[in-house]
Amino acid sequence: PTRGTATDIASRVEDIVGARPEAPKLTDQFTQLRQQLGIEPLETELANIQSEIDRIKTETLVASQREEGRLVSTRQIGRRQTELERQANQDIALLSVQQSAIARRLDNKLNTLQSVMTLTQQDYNNAANIYQNEFSRRLQMYNLISGEQIREQSEAAANLTTIFNI
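Below: a short report on this structure. On a predicted model such as this, the values are computed, not experimentally measured, just so you know. (Residues numbered from 1 in each chain as written. Predicted model: local features only at pLDDT ≥ 70, side-chain atom pairs only at ≥ 80, totals over all residues. Heavy atoms only, no water.)

Topic: the nonpolar core
Nonpolar side chains tend toward joint burial in soluble globular proteins.
Next, step 1: Counting 14 residues, the largest nonpolar core has Ile 49, Ile 53, Ile 56, Leu 95, Ile 102, Leu 106 and Leu 113 as its most contacted members.
Next, step 2: Listed by contribution, the elements that provide at least two residues to this core are helix 3 (39-68) and helix 4 (74-165).
Next, step 3: Broken down by element, the residue count for this core peaks at seven residues, all from helix 4.
Next, step 4: Sequence-distant contacts of Leu 95, that is, excluding residues within four places in its chain, are made with Ile 49, Glu 52, Ile 53 and Ile 56. (Core = buried A, V, L, I, M, F, W, Y, C linked by side-chain atoms within 4.5 Å. Buried < 20%, exposed > 50% of the residue type's maximum accessible area, 1.4 Å probe, protein only. Helix = DSSP H or I, 4+ residues; strand = E, 2+ residues; numbered from the N terminus. Contact = heavy atoms within 4.5 Å.)

Okay, structure coming up:
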(Lines give C-alpha, C1' and ligand atoms only; values in the text may rest on other atoms or scores of the structure.)
Protein backbone atom coordinates (compact mmCIF):
# COMPACT_ATOMS: atom_id res chain seq x y z
CA PRO A 1 0.00 0.00 0.00
CA THR A 2 1.04 3.59 -0.58
CA ARG A 3 1.92 5.77 2.30
CA GLY A 4 -0.93 8.42 2.18
CA THR A 5 -0.86 11.98 3.27
CA ALA A 6 -0.87 13.00 6.89
CA THR A 7 -4.57 13.84 6.55
CA ASP A 8 -5.30 10.35 5.17
CA ILE A 9 -3.38 8.71 7.99
CA ALA A 10 -5.08 10.90 10.59
CA SER A 11 -8.44 10.06 9.07
CA ARG A 12 -7.74 6.32 9.18
CA VAL A 13 -6.53 6.52 12.74
CA GLU A 14 -9.57 8.62 13.71
CA ASP A 15 -11.81 5.95 12.15
CA ILE A 16 -10.22 3.43 14.50
CA VAL A 17 -10.05 5.66 17.61
CA GLY A 18 -13.38 7.43 17.13
CA ALA A 19 -14.32 11.06 16.90
CA ARG A 20 -12.63 13.64 19.07
CA PRO A 21 -14.76 14.53 22.10
CA GLU A 22 -16.88 17.60 21.52
CA ALA A 23 -15.93 20.61 23.61
CA PRO A 24 -18.73 21.53 26.00
CA LYS A 25 -20.50 24.83 25.47
CA LEU A 26 -19.81 26.12 28.96
CA THR A 27 -21.64 29.42 28.49
CA ASP A 28 -24.83 27.62 27.48
CA GLN A 29 -24.44 25.15 30.31
CA PHE A 30 -23.79 27.97 32.79
CA THR A 31 -26.97 29.76 31.72
CA GLN A 32 -29.01 26.56 31.85
CA LEU A 33 -27.72 25.61 35.30
CA ARG A 34 -28.37 29.13 36.66
CA GLN A 35 -31.96 28.72 35.53
CA GLN A 36 -32.30 25.18 36.92
CA LEU A 37 -30.87 26.21 40.28
CA GLY A 38 -33.16 29.25 40.48
CA ILE A 39 -30.30 31.69 40.95
CA GLU A 40 -31.84 34.68 39.17
CA PRO A 41 -35.00 34.79 41.31
CA LEU A 42 -32.84 34.72 44.45
CA GLU A 43 -30.69 37.56 43.11
CA THR A 44 -33.84 39.53 42.33
CA GLU A 45 -35.27 38.83 45.79
CA LEU A 46 -32.02 39.94 47.39
CA ALA A 47 -32.03 43.17 45.39
CA ASN A 48 -35.67 43.79 46.32
CA ILE A 49 -34.93 43.39 50.02
CA GLN A 50 -31.99 45.79 49.76
CA SER A 51 -34.25 48.27 47.97
CA GLU A 52 -36.83 47.92 50.76
CA ILE A 53 -34.13 48.54 53.41
CA ASP A 54 -32.97 51.64 51.51
CA ARG A 55 -36.59 52.85 51.23
CA ILE A 56 -37.15 52.46 54.98
CA LYS A 57 -33.95 54.36 55.77
CA THR A 58 -34.90 57.17 53.41
CA GLU A 59 -38.47 57.42 54.71
CA THR A 60 -37.22 57.45 58.31
CA LEU A 61 -34.77 60.25 57.55
CA VAL A 62 -37.45 62.32 55.78
CA ALA A 63 -40.02 61.72 58.56
CA SER A 64 -37.45 62.60 61.22
CA GLN A 65 -36.62 65.87 59.47
CA ARG A 66 -40.33 66.62 59.09
CA GLU A 67 -40.77 66.17 62.84
CA GLU A 68 -38.07 68.77 63.49
CA GLY A 69 -40.12 71.33 61.58
CA ARG A 70 -43.26 70.86 63.68
CA LEU A 71 -44.29 73.45 66.22
CA VAL A 72 -44.20 71.22 69.29
CA SER A 73 -41.82 70.79 72.17
CA THR A 74 -38.31 69.52 71.56
CA ARG A 75 -39.03 66.65 73.91
CA GLN A 76 -42.08 65.59 71.88
CA ILE A 77 -40.05 65.84 68.63
CA GLY A 78 -37.31 63.69 70.19
CA ARG A 79 -39.81 61.03 71.30
CA ARG A 80 -41.41 60.92 67.84
CA GLN A 81 -38.01 60.68 66.14
CA THR A 82 -36.98 57.90 68.54
CA GLU A 83 -40.21 56.00 67.78
CA LEU A 84 -39.66 56.38 64.02
CA GLU A 85 -36.06 55.15 64.32
CA ARG A 86 -37.07 52.23 66.57
CA GLN A 87 -39.74 51.08 64.10
CA ALA A 88 -37.33 51.50 61.17
CA ASN A 89 -34.60 49.56 62.97
CA GLN A 90 -37.04 46.76 63.74
CA ASP A 91 -38.22 46.58 60.10
CA ILE A 92 -34.62 46.66 58.86
CA ALA A 93 -33.59 43.93 61.31
CA LEU A 94 -36.36 41.63 60.05
CA LEU A 95 -35.41 42.34 56.44
CA SER A 96 -31.74 41.75 57.24
CA VAL A 97 -32.55 38.28 58.60
CA GLN A 98 -34.39 37.48 55.36
CA GLN A 99 -31.55 38.96 53.37
CA SER A 100 -28.98 36.79 55.17
CA ALA A 101 -31.01 33.61 54.65
CA ILE A 102 -31.41 34.32 50.94
CA ALA A 103 -27.74 35.25 50.60
CA ARG A 104 -26.74 31.89 52.14
CA ARG A 105 -29.06 29.99 49.78
CA LEU A 106 -27.70 31.96 46.83
CA ASP A 107 -24.12 31.35 47.92
CA ASN A 108 -24.77 27.60 48.16
CA LYS A 109 -26.30 27.55 44.69
CA LEU A 110 -23.44 29.57 43.22
CA ASN A 111 -20.93 27.17 44.80
CA THR A 112 -22.83 24.24 43.29
CA LEU A 113 -22.82 25.97 39.92
CA GLN A 114 -19.08 26.61 40.16
CA SER A 115 -18.41 22.98 41.08
CA VAL A 116 -20.47 21.63 38.18
CA MET A 117 -18.78 23.98 35.71
CA THR A 118 -15.32 23.01 36.98
CA LEU A 119 -16.13 19.30 36.84
CA THR A 120 -17.59 19.62 33.34
CA GLN A 121 -14.42 21.31 32.14
CA GLN A 122 -12.32 18.62 33.83
CA ASP A 123 -14.44 15.87 32.23
CA TYR A 124 -13.78 17.39 28.81
CA ASN A 125 -10.06 17.77 29.50
CA ASN A 126 -9.88 14.13 30.64
CA ALA A 127 -11.74 12.89 27.55
CA ALA A 128 -9.60 15.04 25.25
CA ASN A 129 -6.39 13.72 26.87
CA ILE A 130 -7.54 10.12 26.58
CA TYR A 131 -8.49 10.69 22.97
CA GLN A 132 -5.17 12.41 22.18
CA ASN A 133 -3.15 9.65 23.84
CA GLU A 134 -5.07 6.92 22.02
CA PHE A 135 -4.82 8.81 18.73
CA SER A 136 -1.05 9.23 19.13
CA ARG A 137 -0.61 5.56 20.06
CA ARG A 138 -2.63 4.40 17.05
CA LEU A 139 -0.82 6.81 14.74
CA GLN A 140 2.55 5.52 15.90
CA MET A 141 1.36 1.96 15.38
CA TYR A 142 0.10 2.83 11.90
CA ASN A 143 3.41 4.52 11.04
CA LEU A 144 5.35 1.50 12.32
CA ILE A 145 3.28 -0.90 10.25
CA SER A 146 3.38 1.40 7.25
CA GLY A 147 7.14 1.85 7.63
CA GLU A 148 7.65 -1.90 7.91
CA GLN A 149 5.62 -2.44 4.73
CA ILE A 150 7.68 0.16 2.87
CA ARG A 151 10.91 -1.46 4.12
CA GLU A 152 9.70 -4.89 3.00
CA GLN A 153 8.73 -3.47 -0.40
CA SER A 154 12.13 -1.83 -0.73
CA GLU A 155 13.89 -5.10 0.17
CA ALA A 156 11.74 -7.02 -2.31
CA ALA A 157 12.48 -4.46 -5.03
CA ALA A 158 16.22 -4.67 -4.26
CA ASN A 159 16.10 -8.47 -4.39
CA LEU A 160 14.24 -8.36 -7.71
CA THR A 161 16.75 -5.89 -9.12
CA THR A 162 19.58 -8.11 -7.94
CA ILE A 163 17.98 -11.20 -9.47
CA PHE A 164 17.40 -9.40 -12.82
CA ASN A 165 20.94 -8.07 -12.82
CA ILE A 166 22.51 -11.49 -12.23
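There is more to say after this.
Some points on the packing of helix 2 (residues 26-37) against helix 4
Next, step 1: With their axes 10 Å apart at the nearest point, helix 2 and helix 4 run at an angle of 150° to one another. As the angle between them shows, helix 2 and helix 4 are arranged roughly antiparallel. For the element pair helix 2 and helix 4, the recorded crossing hand is right-handed. In this structure, helix 2 uses Leu 26, Gln 29, Phe 30, Leu 33, Arg 34 and Leu 37 to contact helix 4, whose residues at the interface are Lys 109, Thr 112, Leu 113, Val 116, Met 117, Thr 120 and Gln 121.
Next, step 2: Of the residues that constitute the contact of helix 2 with helix 4, the class distribution is seven nonpolar, four polar and two charged. (Axes fitted to C-alpha atoms, helices over the stretch in contact; angles between N-to-C directions. Parallel < 35°, antiparallel > 145°, perpendicular 65-115°, else oblique. Left-handed = near helix turned anticlockwise from the far one by under 90°. Nonpolar A, V, L, I, M, F, W, Y, C, P; charged D, E, K, R; others polar.)

Brief notes about the side chain of Arg 34
Next, step 1: Its location among the elements puts Arg 34 in helix 2.
Next, step 2: Polar side-chain contacts of Arg 34 include one of 2.8 Å to the side chain of Glu 43.
Next, step 3: Non-local contacts of Arg 34, meaning those with residues more than four positions away in its chain, are made with Ile 39, Glu 40, Glu 43 and Leu 113. (Polar contact = N/O pair within 3.5 Å; in protein donor to acceptor, adjacent residues only side chain to side chain.)

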